[in-house]
Each structure stands twice: as structure tokens, then as C-alpha cells.
Amino acid sequence: MFQLYKKREFSALVGDTFNFFKLEGKNYFKNYFIINGGLLLLLVVVIYFFSNIFIKGTFEGLRNGNQNSLANEIYGNIGLFIGFGIAMIFLIMLISIINYSFPVGYLKLIEEKKERNFENLFKYFKSKLGRIIGFYFLSLIILLPLIVIVVALTFLSIFILIGIPLIFLLLPTLTSFIALTYFHYVTEEIGYFEAIKKAVLMLKSKYWPIIGSTFIVQMIVQITLGIFTLIPYFIGIITVFSNPESLQQNPDNAISFVMILLLVIVIISIIFNYTLQNIVLINQGVIFYSCKEEMENVSINNNIDLIGTDEA
């Protein structure tokens, strides 16, 4: 079983993130796709029909030279456009909530030494549903405006050069701050502002190891995601330009192929983005439990309790 409570420095925070998937990866993703796979497929279907309106309008515009083709296509299918748009937004929000909550529940079952299966995960999410929903509503009201201000000030500071190094720190810092706040709020049954306070204390306690490991894991995820999305792109480019005669003889087919290729890339990007984000979130879980061990000596206290139990 993966050891949660363990004091870790930078290299261990990164290494144990991937060690987790060596030990738990097969079971982790099996349960992840049982819970979230159907919603991801539904999102792909909705995106396909939603994007198809843009593809048809753009294709007609390129073929006929009519700049209003896209607008006409949207207005002509305004009901479907709005319906699929609302469904897409709802699914993205729901999948994002599940995506963010799944690692929290899975790691909590490891902490409680319970079997990591669909039944136990479902029970855990059901018991924490109020806090999960509450966190997102409170964050929209409290954290989101503050984050927007911080991001805006960081980008504005680029003009005085100070903002250039700050940009590289901004994303991993925000990622860790939000994730640690979420772990505290959901797992420890404390108040929202208390969770924020504890997250800040954790960040301050090991800032550079936390931010460094978060940055490295995010870079690995983004590079991997880029590879998966570039493969169909290069296949499409090679297919189109390996037969230039066909491109000249049937420009409509070539345009249609490019549009479909772009849609495929978008769909692949979305599926792999949600899936690979689990690596980043597990990394945040490793950070959370490591910092708890540093600050509270949880494993030592648990061993003392066990000794007392054995003697009794």
C-alpha cells in the first residue's frame, strides 16, 4: 500500500507521485473511468454536435466565399446551439468537480486503510457532497475575484520586468494553494477560512519544494498532453501534403478533412487533459500528507497509539 504520511523533500514529492501510480495506477484509473468515463464520453458527443455547427458554417464560408455563412449556420440552428452549449458547460463543471474530488477520496480511503473500490468511493463522495459543492460556491465568491486580481497584477508587472519570473511561480503557487485548501476543507471538516489559513501555512512551511515539484509535474503533464495531441496533427498534415494532386483536384474534401482533424484534436485534448490532471492532483495529495507529517508527526503519533493498544 502507498505510504501517505512520510516526510518528503523535492525529489521525493515528484518521485512518490509516480510511485503512487506504479502501486495504485491500475485500480485508480479503473475506478476513475467507472465514475467519470461515461460523463467524458457524453461530453465528447456534445462537443461533436456543438462544434459541428461551427464546422459546417466555416466550411460553407470557405467553399462559397460567403463571410456570413458561419453566422447563418448558428442562427439557423440557434436552438441546438444554445442547448448543446448549456449541456457542454454543465458537463464541464460536473466533470471538473469529480476530477478534483476523486483523488481526495481515493487518498482518504488509503489513509483509512479501506478498499479502494466504487462502493467505498461513492459512499465517501456522498458523505462529502455538501462540502464539495460548498467549496465551489464559496470559491466562486471569495477566491475567484482574488485570483483574477493577482493574475492581472502579475501580468501587468511584466512591464517592469518583475513579473517575468513571477509568471513561472504563479500557476504552481495557485495550483497548490487551491488544492491544499480543498484537501483541508473536504477531509478535515473545518471551516472555509480555516482551510485557507492551513493551506497558506503549508505553502509557507516548504514553499520551494512544493512549488518546484508542482511545476515539474505540470510540465511533464503538459509535454505528454502535447505529444498526444500532436500525433493526430502530424498524421493529418502528412496525409494532406503527401497527395498534393488530390488537394488541388478536391479542395472541398481537403478543407472538410482539416476541419474534422481539428475536432478530433480538440476531443483528444479534452479527454487526455482531464485524465492526466489526475497526476497533478495526486502530486498535491502527496504534498498535503507530507506536510501534515512534517507539521503534526501523524505516523509517529499513530505508532504510539498502536503500542498503547497492544499493551492494553
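Preceding block: the structure.
Thresholds applied
Residues numbered from 1 in each chain as written. Predicted model: local features only at pLDDT ≥ 70, side-chain atom pairs only at ≥ 80, totals over all residues. Heavy atoms only, no water. Phe/Tyr/Trp six-rings, centres within 6.5 Å; stacked < 30°, edge-to-face > 60°. Lys NZ or Arg CZ within 6 Å of the ring centre and 35° of its normal. Salt bridge = Lys/Arg side-chain N within 4 Å of Asp/Glu carboxyl O. Helix = DSSP H or I, 4+ residues; strand = E, 2+ residues; numbered from the N terminus. Buried < 20%, exposed > 50% of the residue type's maximum accessible area, 1.4 Å probe, protein only. Arc of directions from axis to C-beta. Polar contact = N/O pair within 3.5 Å; in protein donor to acceptor, adjacent residues only side chain to side chain. Contact = heavy atoms within 4.5 Å. Axes fitted to C-alpha atoms, helices over the stretch in contact; angles between N-to-C directions. Parallel < 35°, antiparallel > 145°, perpendicular 65-115°, else oblique. Left-handed = near helix turned anticlockwise from the far one by under 90°. Nonpolar A, V, L, I, M, F, W, Y, C, P; charged D, E, K, R; others polar. Patch = residues over 30% accessible without salt bridge, like charges linked within 9 Å, V, L, I, M, F, W, Y side chains within 5 Å. Areas by Shrake-Rupley, 256 points an atom, 1.4 Å probe, with all protein chains shown as cover. Expected span 1.5 Å × (residues − 1).

**Details of the packing of aromatic side chains**
Where two aromatic rings form a pair, the distance of their centres and the angle of their planes describe that pair.
No. 1: Under the defined criterion, the tally for this structure stands at 32 aromatic pairs.
No. 2: Each residue in the set Phe2, Phe20, Phe21, Tyr28, Phe29, Tyr32, Phe33, Phe102, Tyr106, Tyr124 and Phe125 is aromatic and connected to the rest through ring pairs, giving one cluster.
No. 3: Of note, arginine 131 hangs over the ring of tyrosine 185, and the distance from its end group to the ring centre comes to 4.1 Å.

**Remarks on the pattern of salt bridges**
No. 1: The final tally for this structure, using the stated rule, is 12 salt bridges.
No. 2: Note that glutamate 111 and lysine 108 form a salt bridge whose closest N and O atoms lie 3.0 Å from each other. One end of the pair, glutamate 111, and the other, lysine 108, are both in helix α3 (residues 78–111), three residues apart, so they sit about a helical turn from each other.
No. 3: With a relative accessible area of 23%, glutamate 111 lands in the partly exposed category.
No. 4: The shortest N-O distance in the salt bridge between glutamate 112 and lysine 114 comes to 3.3 Å.
No. 5: Here the salt bridges do not stand alone but share partners, grouping Lys6, Arg8 and Asp16 into one network.

**A closer look at helix α4 (residues 118–127)**
No. 1: Residues of α4 that are buried include every one of Leu121, Tyr124 and Phe125, and no others. All buried residues of α4 fall inside an arc of 95 degrees around its axis, so they share one side. Exposed positions of α4 whose direction lies more than 90 degrees from the buried face are Lys123, Lys126 and Ser127.

**Let's talk about unusual backbone geometry**
No. 1: We note that lysine 113 has phi near 55 degrees; this positive angle belongs to a residue other than glycine.
No. 2: Here lysine 113 is to be found in the loop between α3 and α4.
No. 3: With a phi angle near 55 degrees, glutamate 189 is a residue other than glycine that sits in the positive phi range.
No. 4: Mapped onto the secondary structure, glutamate 189 falls in the loop between α7 (163–187) and α8 (192–205).

**Quick look at the environment of asparagine 117**
No. 1: Looking at where asparagine 117 falls in the secondary structure, it is placed in the loop between α3 and α4.
No. 2: With 83 residues separating them in the primary sequence, asparagine 117 and isoleucine 34 have C-alpha atoms 10.0 Å apart.
No. 3: A distance of 2.9 Å separates a polar atom in the side chain of asparagine 117 from the backbone nitrogen of asparagine 120.

**Looking at the side chain of asparagine 278**
No. 1: Residue position: asparagine 278 is located in helix α11 (residues 251–296).
No. 2: Looking at asparagine 278, its side chain comes within polar contact range of the main-chain oxygen of tyrosine 274, at 3.4 Å.
No. 3: Within the local environment of asparagine 278, its side chain forms a polar contact with the backbone oxygen of threonine 275, the two atoms lying 2.9 Å apart.
No. 4: Residues in contact with asparagine 278, not counting those within four places in the same chain, are Phe21, Tyr28, Phe29, Tyr32, Asn99, Phe102 and Pro103.

**Quick look at the packing of α3 against α4**
No. 1: Look at α3 against α4: their axes get within 10 Å of each other, and the N-to-C directions meet at 115 degrees. Taken together, the axes of α3 and α4 are roughly perpendicular relative to one another. Crossing geometry of α3 relative to α4 is assigned as right-handed. Seen from α3, the contacting residues are Ser101, Phe102, Val104, Gly105, Tyr106, Lys108 and Leu109; seen from α4, they are Asn120, Leu121, Tyr124 and Phe125.
No. 2: Here the residues of the contact of α3 with α4 sort into seven nonpolar, three polar and one charged.

**Some remarks on a nonpolar patch on the surface**
No. 1: Together, Phe10, Phe168, Phe215, Ile216, Met219, Ile220, Ile223, Ile227, Ile231 and Ile235 give the surface a local cluster of nonpolar side chains, amounting to about 890 Å² of exposed area.
No. 2: Here the nonpolar patch takes eight residues from helix α9 (residues 207–241), the largest share from any one element.
No. 3: Within the secondary structure layout, isoleucine 223 lies in helix α9.

**Digging into helix α6 (residues 143–156)**
No. 1: Counted at 1.5 Å a residue, the expected span for α6 with its 14 residues is 20 Å, and the 20 Å between its end C-alpha atoms agrees.
No. 2: Residues of α6 that are buried include every one of Leu143, Ile147 and Thr154, and no others. One side of α6 carries all its buried residues, which in axial view fall inside an arc of 30 degrees. Facing away from the buried surface of α6 by more than 90 degrees, the exposed residues are Leu153 and Leu156.

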